[in-house]
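Architecture and fold: a report
As a plain string of letters, each chain reads:
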Amino acid sequence: MAMEAAIPFLRSWGYPIMYMQRQMRRLLGLTGITVLVASVALPCAAQTAALTVLAHNRPRGIAAAHYIGNHDPNATMDVVIALNLRNQAGLQQLLANLQNQNSSSYHAFLTPAQFTAEFGPTQSQVQAITQYLVSEGVRVTSVSSNRELLHAHASTATLQSAFHVAIGDYSLNGRNFYAPVGYPQLPSAVASMVTAVIGLSDFNQMHPMSVPAAGNGVAVPNKGKPGGGGGTTAPSGYSPQQIATAYNWPAVTNTGNGAGQTIAIATAYSFKSSDLSGFWNQYGLPNHTVTIVPVDGSTTRTNVETTIDIERSGAMAPGATILVYEGANAQLTTFTDVYNAIVTANTAGVMTTSWGTAESNMSTTTLNADDNIFKQAAAQGISLFAAAGDNGSSDGTSNTDEADYPSSDPYVAACGGTSLTLASSGAIASETAWSGSGGAESHYFAEPSWQVGTNVPEDGYRQTSDFALDADPNTGYSVLYGGKWSVYGGTSFVAPQMAALFTVRNASAGSRLGQSNSAIYNLANTASYSADFHDITSGSNGAFSAGPYWDHPTGWGSVNATNFITDIK
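This one's a predicted model, so the numbers in the text were calculated from it and none came from an experiment.

Cut-offs applied
- Residues numbered from 1 in each chain as written.
- Predicted model: local features only at pLDDT ≥ 70, side-chain atom pairs only at ≥ 80, totals over all residues.
- Heavy atoms only, no water.
- Helix = DSSP H or I, 4+ residues; strand = E, 2+ residues; numbered from the N terminus.
- Polar contact = N/O pair within 3.5 Å; in protein donor to acceptor, adjacent residues only side chain to side chain.
- Contact = heavy atoms within 4.5 Å.
- Buried < 20%, exposed > 50% of the residue type's maximum accessible area, 1.4 Å probe, protein only.
- Pairing = 2+ DSSP bridges.
- Salt bridge = Lys/Arg side-chain N within 4 Å of Asp/Glu carboxyl O.
- Phe/Tyr/Trp six-rings, centres within 6.5 Å; stacked < 30°, edge-to-face > 60°.
- Core = buried A, V, L, I, M, F, W, Y, C linked by side-chain atoms within 4.5 Å.
- Axes fitted to C-alpha atoms, helices over the stretch in contact; angles between N-to-C directions.
- Parallel < 35°, antiparallel > 145°, perpendicular 65-115°, else oblique.
- Left-handed = near helix turned anticlockwise from the far one by under 90°.
- Nonpolar A, V, L, I, M, F, W, Y, C, P; charged D, E, K, R; others polar.
- pLDDT = per-residue confidence, 0-100.

**Let's talk about the side chain of T366**
- Tracing the chain through its elements places T366 in helix α14 (residues 364-379).
- Reaching out from T366, the side chain makes a polar contact with the side chain of S363 at a distance of 2.9 Å.
- Excluding residues that lie within four positions of it along the chain, T366 makes contacts with A196 and I198.

**Observations regarding the pairing of strand β12 (residues 262-268)**
- Counting buried residues along β12, seven of its seven residues qualify, which places the element largely inside the surrounding structure.
- Side chains T262, A264, A266 and A268 project from β12 onto one buried face, and the interleaved I263, I265 and T267 project onto a second face that is buried too.
- With seven bridges joining them, β12 and strand β14 (residues 321-327) adopt parallel strand pairing. Residue I263 lies in a different strand from β14, and its bridge partner there is I322.
- Pairing geometry for β12 and strand β15 (residues 350-353), over four bridges, is parallel. Within the sheet, the bridge partner assigned to I265 lies in β15 and is T352.

**Examining the sheet that holds strand β25 (residues 484-489)**
- Taken together, three strands build an open sheet; the order of strands is β11-β25-β24 and the sheet is antiparallel. If you trace the sheet from one side to the other, it starts and ends with β11 (211-212) and β24 (477-481), each paired once.
- In this structure, β24 lies alongside β25, joined through five bridges in antiparallel fashion. Residue pairing in the sheet places Y481 in a bridge with K484 of β25.

**Concerning the pattern of salt bridges**
- Applying the stated criterion across every chain yields a total of two salt bridges.
- Notably, a salt bridge pairs R462 with D466, separated by 2.9 Å at the nearest N-O pair.

**As for the packing of aromatic side chains**
- Counted by the stated rule, this structure contains 24 aromatic pairs.
- Both rings, one in Y170 and one in F177, keep their centres 5.7 Å apart while their planes meet at 10 degrees; by these two values the pair is stacked. Note on accessibility: Y170 and F177 belong to one class, buried.
- Here the aromatic rings of F533 and F564 are separated by 5.6 Å at their centres, their planes lie at 90 degrees, and the arrangement is edge-to-face. Taken as a pair, F533 in strand β26 (residues 533-534) and F564 in helix α18 (residues 561-567) lie far apart in primary sequence, 31 residues in all.
- F564 sits in the buried class, given a relative accessible area of 1%.
- Taken together through their ring pairs, the aromatic side chains of F385, W450, F467, F502, Y521, Y529, F533, Y549, W556 and F564 make up a single cluster.

**Regarding the nonpolar core**
- Ranked by size, the top nonpolar core spans 66 residues in total, and within it F385, F467, I520 and F564 carry the most contacts.
- Core analysis: the next-biggest nonpolar cluster, separate from the first, contains 47 residues, L85, M206, Y325 and M362 among them.

**Some remarks on the side chain of E305**
- By the secondary structure assignment, E305 is in helix α12 (residues 304-316).
- What makes E305 buried here is its relative accessible area of 0%.
- Look past the residues within four positions of E305 in its chain and what remains in contact with it is P208, M209, S210, S354, W355 and S492.

**Re the packing of helix α13 (residues 332-345) against α14**
- Contact geometry for α13 and α14: axes closest at 9 Å, N-to-C directions at 20 degrees. Classified by the angle their axes make, α13 and α14 are roughly parallel. Considering how the two elements wind past one another, α13 and α14 form a crossing that is left-handed. Contacts between α13 and α14 involve T336, Y339, N340, V343 and T344 from the first element and D370, I373, F374, Q376 and A377 from the second.
- Class assignment for the residues of the contact of α13 with α14 results in five nonpolar, four polar and one charged.

**Points about the environment of T302**
- Structurally, T302 is set in the loop between β13 (290-295) and α12.
- Classification of T302 by relative accessible area gives buried; the value is 18%.
- Along the primary structure T302 and S270 are separated by 32 residues, whereas in three dimensions their C-alpha atoms are 4.3 Å apart.
- Polar contacts involving the side chain of T302 include one to the side chain of Y481, which spans 2.9 Å.

**A short note on the packing of helix α11 (residues 273-282) against α12**
- Contact geometry of α11 with α12 gives a least axis separation of 10 Å together with a crossing angle of 35 degrees. Along this stretch, α11 crosses α12, giving a crossing that reads as right-handed. Residues D275, L276, F279 and W280 of α11 pack against T307, I310, E311, R312, G314 and A315 of α12.
- Split by residue class, the contact of α11 with α12 holds five nonpolar, two polar and three charged.

**Examining the environment of G482**
- If you trace the backbone, G482 turns up in the loop between β24 and β25.
- Sequence spacing of G482 and T307 is 175 residues, and the spatial spacing of their C-alpha atoms is 9.5 Å.

**Some words on the sheet that holds strand β2 (residues 66-70)**
- The three strands lie next to each other as β2-β6-β7, forming an open sheet whose pairing is antiparallel. Edge positions in the open sheet fall to β2 and β7 (175-180), since each of these has one partner strand only. Looking at each pair of strands side by side, their axes are set apart by 35 degrees on average, direction ignored.
- Where strand β6 (residues 167-172) meets β7, six bridges bridge the pair, whose relative direction is antiparallel. Each residue of the ladder has a partner; that of S171, found in β7, is N176.

**Here we look at the confidence of the model for the protein chain**
- Mean pLDDT over the protein chain: 90, with 89% of residues reaching 70 or higher.
- For residues 217-229, every residue scores under 50 in pLDDT, and the model assigns this stretch 37 contacts once sequence neighbours within four places are set aside.

**Some points on the pairing of strand β19 (residues 413-422)**
- Most of β19 sits out of view: eight of its ten residues are buried.
- Direction of pairing for strand β17 (residues 383-387) relative to β19: parallel, over a ladder of three bridges. What sits directly across from F385, in β19, is A413.
- In the sheet, β19 pairs with strand β23 (residues 467-470) via four bridges, with the strands oriented parallel.

If you want it as structure tokens, here you go:
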């Protein structure tokens, strides 16, 4: 087989042309034509079935990576096949009606069973995809209860054959990883049912949004790694009571605030119970029932981010129960499973996550898969909160306008950050936009219909942030981790505290609020704006400056918590 004749044959697997030419020359030079023909032979069924490319099912950030060679064919991978929802038009109308006070469907939230019956993939679709994978030698290990996620396990060689794509090893900025060389392909009959194949690459993972203050003894921010370090034997940094006073929070010692409600924390790695009780006891706060829900395996490795989320959400919602959906690692597949576990359980009325990554690091198909889960959350009345990022408007990339994910998703409230200085009375002396706060324009998600108001850009894309609290590590929070006290900042404090505030609201109202950011914008566009928000008008996160009403670093500003939860509908 001549090189020119073989290239179209290989190209049907999704190989780039330069890669194919390189491999052809290498193989022809080393082993001859016979081996080459054998190495590219497709399964018989694949040769006769029409294939459809799963476009954009590849990390966008690897374009500059150096190709090293083929990934180990005997290495095994766990992948998640995300299925399409049905009746998307009907779902969009339902989600709008759920937040429309003039609709008969206002706050008439669905159960997981109702959502799956009306909008989830069908059992026959699951069976069709399962049958195909099994026929290719892929072992299907489980299917989620909403039928949106199908979990599978196989060797690299088997997955390359099943998805008609090569998987290569790459290097970028001193880090090695594996990823598809092109886009996966599936027989057209099943490809139309699939949103994404997640797990064919380990290029990216989620990172925690916490930043240690200078002088902590913590050498570097604890980005994506279990553990932490440093600290002292006495607390410093803002206490829960100081934050409560500054933002007019409902009493943090009253267990009626948040009673009967559950907070779901979406995280990776674990915590020490002694840190939690030690933190709450130090400040005379109620202890909480904290339950671990392990996802994709169990782990005993601790992480300061998980600890922060529990300490601070519990402190600000004193009567709430806390469920920690604890991913065994920070891989994208694990976080997709974490989100879905929270939504299908439907136990918690709020979900908070302080883990994220630059939106450009994500494949658009994975964004779509997670977005389907977040839509189900909105349909069930679960309010979602995520840290907006700790690397300014660039989110640590070369792009000066880069939103962090998942806060860029329109069903997730993006929690930005401020620098907060208190007067001796405990009141706010000054509050400006924190230079490290995330807040930018999504380059993928469309502008939601509700995202309107004074100074909100209306250019067709989702904008972040939505609102804010203190996040500057220089005006940071006390943290008890590993038995030692430290001071941390980051928007990772904002998300769990805002989730706690909505939990207190739900307990007071006796019902769920649902999609939080839609309700936030509805409130901000009323005459009560100045009573419910502290407008942040100075400071910058890089490309964007704070100003009157809405801005990227702080959204609509920080909140007057008691007024806010009274007025939000």
